Amino acid sequence: MNLPRIAIDAMGGDEGVRVMVEGASIARRKHDRFQFLLVGDQERIERALAEHPGMAAASEILHAPDIVGGEEKPTQALRRAKTTSMGLAINAVKTGAAGAAISGGNTGALMAMSKLALRTMPGIDRPALAALMPTLEDSDVIMLDLGANTDCDARNLVQFAIMGAAYSRILTGRDEPRVRLLNIGTEELKGTDQLQDAAAQLRAATGLAMSFDGYVEADKINRGEVDVVVTDGFSGNIALKAIEGTARFVTDLLRAAFTSSIRSKVGFLVSRPATELLKHHLDPNNHNGAVFLGLNGVIVKSHGSATAVGVANAVTVAARLLEEKLTERIIADTAALDLAGADK
């Protein structure tokens, strides 16, 4: 049985059509149920499809005359939503022509267009950007918000926790994912009033499908001791970029060390299996596919510099969220929180 079509902004990302179509083709070879709506310049998409003949039968092209620039302000992009590849991909989700949309383009424009077209689901005030990050354990950790909302109150953080837990249940299979609020310490009195208020609400709530036990510090995010890390978009974006920067620093440091002398080069050959495993674990393409949670539809943000393998992973994320009915899960969990509040 085929899944609902996935709309792909073929013009998004640093390399545009070639990588987006190739990535979709890789995903299609692994999961032949995938169907695509490729949105963008028809001529360029047709040329790219010629390199992947297996994609033709599974794809429809929707021509879009314009693209959203990488530095374009969201307000400017919104005015051209009806003619850009990004805007038309999102609109396909709104109209039901596609079940999900993927773009590697301008994040701010993608959020603004998605929120205007799809609106937030019942019980959710603001959508949040959630992404996967590697851990020392077998499963990734979900972190949100990563930049969609710089200022958040306690109610927003509680809603983020509910959405993140629903996403985590799909990825990890845990009935009650371990959810923590990002803070500067684990003591109850640490952090802002908003954090303390959110923690109190989550501790008092009943019937939520999560295991909540307070706070986590930034140095424990990737230890595998937590499934969902919740924070405001300002702190989350800083934490994410610090983690990504540290990963690149370690990789570059190892590369420099292994090429510094003949002895080091020999040591590299001996340790190559371990370094290749490290490289695979830290490669952002293997964790590509951030999700705008809280909208009436599935929107996935692919990293602008993602390779075809990274795009394929983003496609797989979108398909899994459709198959596991993430939107319906969040609505049900949010309703459970409202009932818990009404019972008090």
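Being a predicted model, the structure only gives us computed values, none of them experimental.

Undergrad: Where do I start with the overall build of the chain in this structure?
TA: A tally of helices and strands in the chain yields 12 helices and 11 strands. Counting the 344 residues in the chain, one finds 49% classified as buried. In the chain, of all internal contacts separated by at least 6 residues, the share reaching a separation of at least 24 is 71%. If you sum the accessible surface of the chain, you get close to 16,400 Å²; carbon and sulfur atoms cover 53% of it.

Undergrad: Teacher, can you tell me more about the sheet that holds strand S10 (residues 290-293) here?
TA: In a beta sheet, neighbouring strands pair by backbone hydrogen bonds and run either parallel or antiparallel. One open sheet holds the 11 strands; their spatial order is S3-S2-S1-S4-S11-S10-S5-S6-S9-S7-S8, and the pairing between them is mixed. If you trace the sheet from one side to the other, it starts and ends with strand S3 (59-63) and strand S8 (211-216), each paired once. Across the sheet, the mean angle separating the axes of adjacent strands is 25° when strand polarity is ignored. Across three bridges, the pairing between strand S7 (residues 178-182) and strand S9 (residues 228-230) is parallel. Across the sheet, Arg-180 pairs through a bridge with Val-229, a residue of S9.

Undergrad: Whenever I open this one, the pattern of salt bridges confuses me. Can you help?
TA: Opposite charge on two side chains permits them to pair, given that their charged atoms come into close proximity. Applying the stated criterion to the full structure yields 12 salt bridges. Between Glu-60 and Arg-5 there is a salt bridge; the shortest N-O distance is 2.4 Å. Separated by 55 residues along the polypeptide, Glu-60 in strand S3 and Arg-5 in the segment before strand S1 (6-9) bring together distant segments of the chain. Measuring nitrogen to oxygen at the nearest pair gives 2.7 Å for the salt bridge that ties Glu-72 to Arg-80. Accessibility expressed as a relative area gives 26% for Arg-80, which makes it partly exposed.

Calculation criteria
- Residues numbered from 1 in each chain as written.
- Predicted model: local features only at pLDDT ≥ 70, side-chain atom pairs only at ≥ 80, totals over all residues.
- Heavy atoms only, no water.
- Helix = DSSP H or I, 4+ residues; strand = E, 2+ residues; numbered from the N terminus.
- Buried < 20%, exposed > 50% of the residue type's maximum accessible area, 1.4 Å probe, protein only.
- Contact = heavy atoms within 4.5 Å.
- Areas by Shrake-Rupley, 256 points an atom, 1.4 Å probe, with all protein chains shown as cover.
- Pairing = 2+ DSSP bridges.
- Axes fitted to C-alpha atoms, helices over the stretch in contact; angles between N-to-C directions.
- Salt bridge = Lys/Arg side-chain N within 4 Å of Asp/Glu carboxyl O.

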